[in-house]
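Chains, contacts and geometry: an overview
Spelled out, the chains give:
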There are 2 protein chains.
Amino acid sequence: MASASVKDVAALARVSVGTVSNVLNRPELVAPETVERVTQAMEKLSYVRNEAARQLRLGHSQALGLITLSGGNPFFTDLATAAEDAAADAGFSVIVGNSNDRKDREAGYLSLFEELRVRGVLLSPVGDPAARLRRMRDRGISAVLVDTVSTDSSFSSVSVDDVAGGALAAAHLIGSGRRRLAYVGGPIEIRQVRDRLAGARQEVAKHPGVTLEVVDVGALTVQEGRAAGAVIASRPVSDRPDAVFAANDLLAIGLLQSLFINGRLAIPQEIALVGYDDIQFASASVVPLTSVRQPSALIGRTGVEILLQEAEDPELQPRHVLYQPELVVRESSAG
Amino acid sequence: MASASVKDVAALARVSVGTVSNVLNRPELVAPETVERVTQAMEKLSYVRNEAARQLRLGHSQALGLITLSGGNPFFTDLATAAEDAAADAGFSVIVGNSNDRKDREAGYLSLFEELRVRGVLLSPVGDPAARLRRMRDRGISAVLVDTVSTDSSFSSVSVDDVAGGALAAAHLIGSGRRRLAYVGGPIEIRQVRDRLAGARQEVAKHPGVTLEVVDVGALTVQEGRAAGAVIASRPVSDRPDAVFAANDLLAIGLLQSLFINGRLAIPQEIALVGYDDIQFASASVVPLTSVRQPSALIGRTGVEILLQEAEDPELQPRHVLYQPELVVRESSAG
DNA sequence: TTGAAAGCGCTAACAC
DNA sequence: GTGTTAGCGCTTTCAA
């Protein structure tokens, strides 16, 4: 049995296809009795509207695209959940893709979203897709950058002040007596990674005698954190940092695994540790993790709201919402 | 500027629309020189294929639907990532929805997927959508159940033996001297929650003198675990369990937060704790967590492979793949 | 209040 | 190797 179409429903209800369409979209224009008859026919045939046909006719879909940097990062799942809820309130669905920090994947999802004629896209960029996004905007697909500020500010953005967050972390570490800091993060192409480092550098520069070493990693994952930690743990004490600031909590948890669990280094006594994002697991880690908190759900919700407004009226001036991060101090840096 | 269509491309390249379609889908049928001309025209007009039109013509999309129980659970994000990779290998994309344990959400995504004419759906069911799925199969949308066994076995399934997993956890706890077990999990409608409990019960029944108490929670989240832990911690020592088996790691981590961090109960001395899923964070939690490991990525990949085969040939007999879980012992139960 | 008909962009069958 | 054309299922004028 193939799917029933409006035609089949119309035939069974003995009305025209136009009327069937009307009961679907503007039932107030149809006589109650007719509505009833059509509804029953739909029921009987288990009619399911063909979204592709509807969309073809309408010219665009009722969906939004979202590209996150990493599906495994709870920060992004929280953001995505909030975005979905906000979109659902307005009758939109959201299609999520994870670039996993890869430009080619980002480009792939952008292409998919264009083919799908989504109404707008929300993204945390890896590369610099501004040119591409501008082209998309010309055809009616607006974009809002989340968790990053646009390079050319012609796109709206919703983000958190990562430079301030980096400064917050470094200031805290220096304030509690640490002198040899290390920043573990990468790839450096990611704006968040760069900004958090820049903030830390600013703070370090204010304190002569304090040094900041950069440990570059390939991705913001638990695994990479574990690898970086193993390298740090294997260095002689004199050459080891006395504080590590990780670009996100996933990395920090990996560091915890190799520094504390495997390397048996005392945290925070030998090495203090600060992460970023304050994910749910941070407070329950081996050594509860000091972290820089970001309002993930708020970012997702606000992003969708702005996107929907711009989809409605493309002439709107771009807006830039910047939230402030907050330091949550726990044992990993309390010494 | 509106989007360019095949018509525009054809006009610019001075060929017919059929030829444009051919360079898109079967370029080997077209003269190289023509391919070149058409390609350049596409480039010039920034042509992007309209997926809705293509799909309308083809009768179905190149997408698969996936419904997970919880977006915040790393078990499902791992499963989803593997599913996406497997689908991508076959030229399919996957649209994920989270039911968050709610039947209405599950039904909502099923409707959306039907409207989208996905080729198949992969799901970890909340309710009992068998009837609905059968109707969908009649119209060419096959379904594979993941992380659960079909009630009527007419649908293929890829799952892990949860009864065995529950037994594994309980046997371990009893074997290390525990006598008053508590199972924390819910809602009981979820098959995984039920099966893990059943396995634990089987094991408990083999050991006279061992008791098993069930603490029902509203969802498999860190928050709910925290709430359940607070209740347990507030009970007098004589009335407290000496071991807790949590239906998943999220719950276990929440329990750790309220039992160990807030309640200052010694783990595993006063209460031993075992979780389920062995997510990445389990080994780095306050007290490294004993957990029952499931091959999440393998489940996702296998599920997609079966689904794709069935989409290809709907006459295929349903297959039931059952993986065995594995107990990973860590400190939370080592005493 | 309802019906008839055009057309969204694409693919595939068929003709040349 | 290329062109012509029908038609996928839907919404939306326009007329009755």
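Use the structure listed above.
Every chain is numbered on its own, with residues counted from 1 as its sequence reads. For naming, the first written chain is A and the first written ligand is 1, with later ones following in the order written. Residue-level local features of this predicted model are given only where pLDDT is at least 70; pairs of side-chain atoms are given and counted only at 80 or more, and the full residue set underlies all totals for whole chains, interfaces and linings. Heavy atoms from the whole structure form the basis of all side-chain values; hydrogens and water molecules are not counted.

1. With respect to the interface of chain B and chain A
What counts, and what does not: What makes two residues a contact is simply this: any of their non-hydrogen atoms within 4.5 Å. Buried area: the sum, over both parts, of the accessible surface (1.4 Å probe) that disappears when the two are put together. We define a salt bridge as a side-chain nitrogen of Lys or Arg found within 4 Å of a carboxyl oxygen belonging to Asp or Glu. In protein, a polar contact means a hydrogen-donor-capable atom and an acceptor-capable atom, both N or O and within 3.5 Å, with residues adjacent in sequence counting only if both atoms are side-chain atoms; elsewhere, any N or O pair within 3.5 Å suffices. What counts as a helix is a DSSP run of H or I of at least four residues, what counts as a strand is a run of E of at least two, and both are numbered from the N terminus. Nonpolar residues are Ala, Val, Leu, Ile, Met, Phe, Trp, Tyr, Cys and Pro. Charged residues are Asp, Glu, Lys and Arg, and all others, Gly as well, are polar.
Listed per partner, the contact involves 42 residues of chain B and 42 residues of chain A. Considering only the surface of chain B that becomes buried against chain A, B:Arg117, B:Arg139 and B:Phe281 emerge as the three largest contributors, covering 17% of it. Across the contact surface, chain B and chain A share 2 salt bridges. Measuring nitrogen to oxygen at the nearest pair gives 3.8 Å for the salt bridge that ties B:Arg105 to A:Asp85. For the interface between chain B and chain A, the tally reads 17 residue pairs in polar contact (both at pLDDT 80 or more). Going through the elements one at a time, helix H4 (51-58), helix H5 (74-89), strand S2 (93-98), helix H6 (103-115), helix H7 (130-138) and helix H11 (249-262) of chain B are the ones with two or more residues in the side of chain B that touches chain A. Here the residues of the side of chain B that touches chain A are counted per class, giving 19 nonpolar, 12 polar and 11 charged.

2. Points about the pairing of strand S1 (residues 63-68) of chain A
All names here are of chain A. Test applied: Burial status follows relative accessibility: with a 1.4 Å probe on protein chains alone, a residue under 20% of its type maximum counts as buried, one over 50% as exposed, and anything between as partly exposed. Strands were regarded as paired on the criterion that DSSP finds at least two bridges between them. Look down the strands so they point away from you; if going from the first strand over the helix to the second traces a clockwise path, that crossover is right-handed.
The buried fraction of S1 is high, at 6 of 6 residues. Of the two faces of S1, both are covered, the one formed by Ala63, Gly65 and Ile67 as well as the one formed by Leu64, Leu66 and Thr68. Across 6 bridges, the pairing between S1 and strand S2 (residues 93-98) is parallel. Note that in S2 the partner of Ala63 across the bridge is Ser93. In this view, the connection linking S1 to its parallel neighbour S2 by way of helix H5 (residues 74-89) has right-handed handedness. Strand direction decides the pairing type here: S1 and strand S3 (residues 120-123), joined by 4 bridges, are parallel. Note on S3: the bridge partner recorded for Leu64 is Gly120.

3. Section: the relation of the copies chain B and chain A
Put simply, the test is: Least squares is the method used to superpose the copies, on C-alpha atoms of residues holding a pLDDT of at least 70 in both.
Mapping chain B onto chain A leaves a residual RMSD of 0.1 Å; the transformation is a rotation of 180° accompanied by 0.0 Å of translation along its axis. On this basis, the relationship between the two copies can be described by a two-fold rotation axis.

4. Looking at the protein's contact with DNA strand D
What counts is decided by this rule: Any residue with at least one heavy atom within 4 Å of a molecule or strand is counted as near it.
The local shell around DNA strand D holds 23 residues, among which A:Val6, A:Tyr47, A:Arg57, B:Ser16 and B:Thr34 are the closest. Considering DNA strand D, the proportion of its atoms within 4 Å of the protein that are sugar or phosphate atoms stands at 65%. A:Asn50 is positioned such that a nitrogen or oxygen atom in its backbone is 3.2 Å from a phosphate oxygen of DNA strand D. Residue A:Ala53 places a main-chain N or O atom 3.4 Å away from a base nitrogen belonging to DNA strand D. Ranked by residue count, the leading element in the surface near DNA strand D is helix H4 (residues 51-58) of chain A, at 4 residues. Its residues assigned to classes, the surface near DNA strand D comprises 10 nonpolar, 9 polar and 4 charged.

5. What to know about the nonpolar core
What counts, and what does not: Throughout, nonpolar core names a set of buried Ala, Val, Leu, Ile, Met, Phe, Trp, Tyr and Cys residues whose side chains join them through atoms within 4.5 Å.
If you look at the biggest cluster of nonpolar residues, it comprises 146 residues, and the most contacted ones within it are A:Val184, A:Leu255, A:Phe281, B:Val184, B:Leu255 and B:Phe281. Non-local contacts of B:Leu255, meaning those with residues more than four positions away in its chain, are made with B:Val184, B:Gly225, B:Arg226, B:Ala228, B:Gly229, B:Ile232, B:Val244, B:Ala246, B:Phe260 and B:Leu273.

6. A closer look at the pattern of salt bridges
Taken as a whole, this structure holds 26 salt bridges over all chains when the rule is applied. Across the pair A:Asp104 and A:Arg102 runs a salt bridge whose closest N-O atoms are separated by 2.8 Å. Overall, A:Asp104 belongs to the partly exposed group, its relative accessible area being 47%. Taking relative accessible area as the criterion, A:Arg102 reaches 41% and is therefore assigned partly exposed. Note that B:Glu114 is salt-bridged to B:Arg132, the shortest N-O span being 3.3 Å. Remark: B:Arg132 occurs in helix H7 and B:Glu114 occurs in helix H6; sequence separation between them is 18 residues.

7. Considering the packing of helix H10 (residues 222-234) of chain B against H11(B)
Residues and elements named next belong to chain B. Filter applied, for reference: Every axis corresponds to a line fitted to the C-alpha atoms, with the helix fit spanning only the stretch in contact, and the corresponding angles, defined between N-to-C directions, vary from 0 to 180 degrees. We call two directions roughly parallel when the angle between them is under 35 degrees, roughly antiparallel when it is over 145, roughly perpendicular when it lies between 65 and 115, and oblique otherwise. For any helix crossing, the convention is left-handed if the near helix is rotated counterclockwise from the far helix by under a right angle, and right-handed if that rotation is clockwise.
Contact geometry for H10 and H11: axes closest at 6 Å, N-to-C directions at 40°. Comparing the axis directions of H10 and H11 gives the class oblique. Viewed along their axes, H10 and H11 form a crossing whose handedness is right-handed. For the pair H10 and H11, the contacting residues are Val222, Glu224, Gly225, Arg226, Ala228, Gly229, Ala230, Ile232 and Ala233 in the first and Leu250, Leu251, Gly254, Leu255, Gln257, Ser258 and Leu259 in the second. Looking at the contact of H10 with H11, its residues break down into 9 nonpolar, 5 polar and 2 charged.

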